[in-house]
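Structure assessment
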Amino acid sequence: MLQYLRSLIFIVQMYLMMVLMALAFTPFVLIHRPLAFTACRTYCRWVRWTAAWMIGLRSEVRGDTPTGECLIASKHQSFFDIIMIVSEVPRPKFIMKAELRWVPIVGWYAIWIGCVPVDRGKRGRAIEEMKQRVEAGRSAPGPLIIYPQGTRVAPGAQLPYKIGSGVLYEQLGQICVPAATNVGVFWPRRNILRKPGLAVVEFLPVIEPGLPRDTFMAELERVVEEASNRLMEAAGFHAAH
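Predicted model only: the values in this text are computed from it and were never measured. (Residues numbered from 1 in each chain as written. Predicted model: local features only at pLDDT ≥ 70, side-chain atom pairs only at ≥ 80, totals over all residues. Heavy atoms only, no water.)

1. A closer look at the overall build of the chain
- Scanning the chain for helices and strands turns up seven helices and seven strands.
- Taken from N to C terminus, the helices and strands of the chain fall in the order α-α-β-β-α-β-α-β-α-β-α-β-β-α.
- The C-alpha radius of gyration of the chain comes to 18 Å, within 12% of the 18 Å expected for a compact globule of 241 residues.
- The dimensions of the chain, computed from C-alpha atoms along their principal axes, are 55 × 50 × 35 Å.
- In the chain, buried positions account for 47% of the 241 residues.
- For the chain, the accessible area works out to roughly 11,900 Å², and carbon and sulfur atoms hold 61% of it. (Helix = DSSP H or I, 4+ residues; strand = E, 2+ residues; numbered from the N terminus. Rg over C-alpha atoms; globule rule 2.2 N^0.38 Å. Buried < 20%, exposed > 50% of the residue type's maximum accessible area, 1.4 Å probe, protein only. Areas by Shrake-Rupley, 256 points an atom, 1.4 Å probe, with all protein chains shown as cover.)

2. Remarks on the packing of helix α2 (residues 35-54) against helix α3 (residues 79-88)
- At a closest axis distance of 8 Å, the pairing of α2 and α3 adopts a crossing angle of 125 degrees. Overall, the two elements α2 and α3 adopt an arrangement that is oblique. Read as a crossing pair, α2 and α3 show a hand that is left-handed. Seen from α2, the contacting residues are Cys40, Arg41, Tyr43, Cys44, Arg45, Val47, Arg48 and Ala51; seen from α3, they are Phe80, Ile83, Met84, Val86, Ser87 and Glu88. (Axes fitted to C-alpha atoms, helices over the stretch in contact; angles between N-to-C directions. Parallel < 35°, antiparallel > 145°, perpendicular 65-115°, else oblique. Left-handed = near helix turned anticlockwise from the far one by under 90°. Contact = heavy atoms within 4.5 Å.)

3. Some words on the nonpolar core
- Grouped together as the largest cluster of nonpolar side chains are 48 residues, with contacts concentrated most on Phe10, Tyr43, Val47, Leu57, Phe80 and Tyr109.
- Elements that contribute at least two residues to this core include exactly α1 (2-31), α2, β1 (57-62), α3, β3 (93-97), α4 (106-112), β6 (176-181) and β7 (197-203).
- A total of nine residues in this core trace back to one element, the largest contributor, which is α2.
- Of all hydrophobic cores here, the second largest spans 26 residues; its members include Ile95, Val116, Met130 and Phe216. (Core = buried A, V, L, I, M, F, W, Y, C linked by side-chain atoms within 4.5 Å.)

4. A word on α2
- Its 20 residues place the ends of α2 28 Å apart at the C-alpha level, agreeing with the 28 Å of an ideal helix rising 1.5 Å per residue.
- Within α2 the residues assigned to the buried category are Ala36, Phe37, Ala39, Cys40, Tyr43, Cys44, Val47, Arg48, Thr50, Ala51 and Met54.
- Against the buried residues of α2 lie α1, β1, α3 and α4.
- Glycine 56 sits one or two residues past α2 and shows a positive phi near 75 degrees. (Expected span 1.5 Å × (residues − 1).)

5. A closer look at a nonpolar patch on the surface
- A surface patch of nonpolar side chains, about 810 Å² in accessible area, is lined by Met1, Leu2, Tyr4, Leu5, Leu8, Ile9, Val12 and Ile192.
- With respect to the helices and strands, leucine 8 occurs in helix α1. (Patch = residues over 30% accessible without salt bridge, like charges linked within 9 Å, V, L, I, M, F, W, Y side chains within 5 Å. Salt bridge = Lys/Arg side-chain N within 4 Å of Asp/Glu carboxyl O.)

6. Some details on the packing of helix α6 (residues 164-172) against helix α7 (residues 213-234)
- Between α6 and α7, the least distance of the axes is 9 Å, while the angle of their chain directions is 120 degrees. It follows from the interaxial angle that α6 and α7 lie oblique. The crossing of α6 and α7 is right-handed. Taken together, the residues of α7 that come into contact with α6 (itself represented by Ser165, Gly166, Val167, Tyr169 and Glu170) are Arg213, Phe216, Met217 and Leu220.
- Of the residues assigned to the contact of α6 with α7, the class counts are five nonpolar, two polar and two charged. (Nonpolar A, V, L, I, M, F, W, Y, C, P; charged D, E, K, R; others polar.)

Worth remembering: the numbers are spatial, not functional.
This is the structure we're talking about:
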């Protein structure tokens, strides 16, 4: 019960601070757009810091953090893995659900930092729109981040890796940095309770450009799933077989 109460207080202050920081940063962002990255990074570091002392959830980003032009393909388990990536990766931009454009503050800043909205319900058309929007935004520096399974995936759940990652890998012709995580063990999708422990996002060895799409997709899924399972097991989670 105490951890539940601490979690509730943490969540309330997290969203309250989002509003306060938006009020503080937005006038300056409207004048100088790159300050949107500063605003996002500041907020994400605030969330990580308060999570550590308010609910006992420490966080650690491992591996070589990407800094140049590349594709980051990351396991996605909760809002907290986004927080961790944005707090460390310079000038990140995400492939995101189109409906997030209309969410106050989150949607504004997503567009301002160059995120690419995709309507997932359009299937083949969505892929073409994604390619066009990514190409239009290539002049903006910074890594492009995609979640290969297309949504948050609870620990232990099995969802297929979608073709979008392979399409972007071919289109960009850049290295791909896979990323694994265990954050869903501590920060579930639809639950107020946040558990104490060590949340990890780990950047894995790069996949060089030039592989056939099917080979790339198989390798991406293998390395991300193996590393995520390892991190989750270290956190005390064991998937049912």
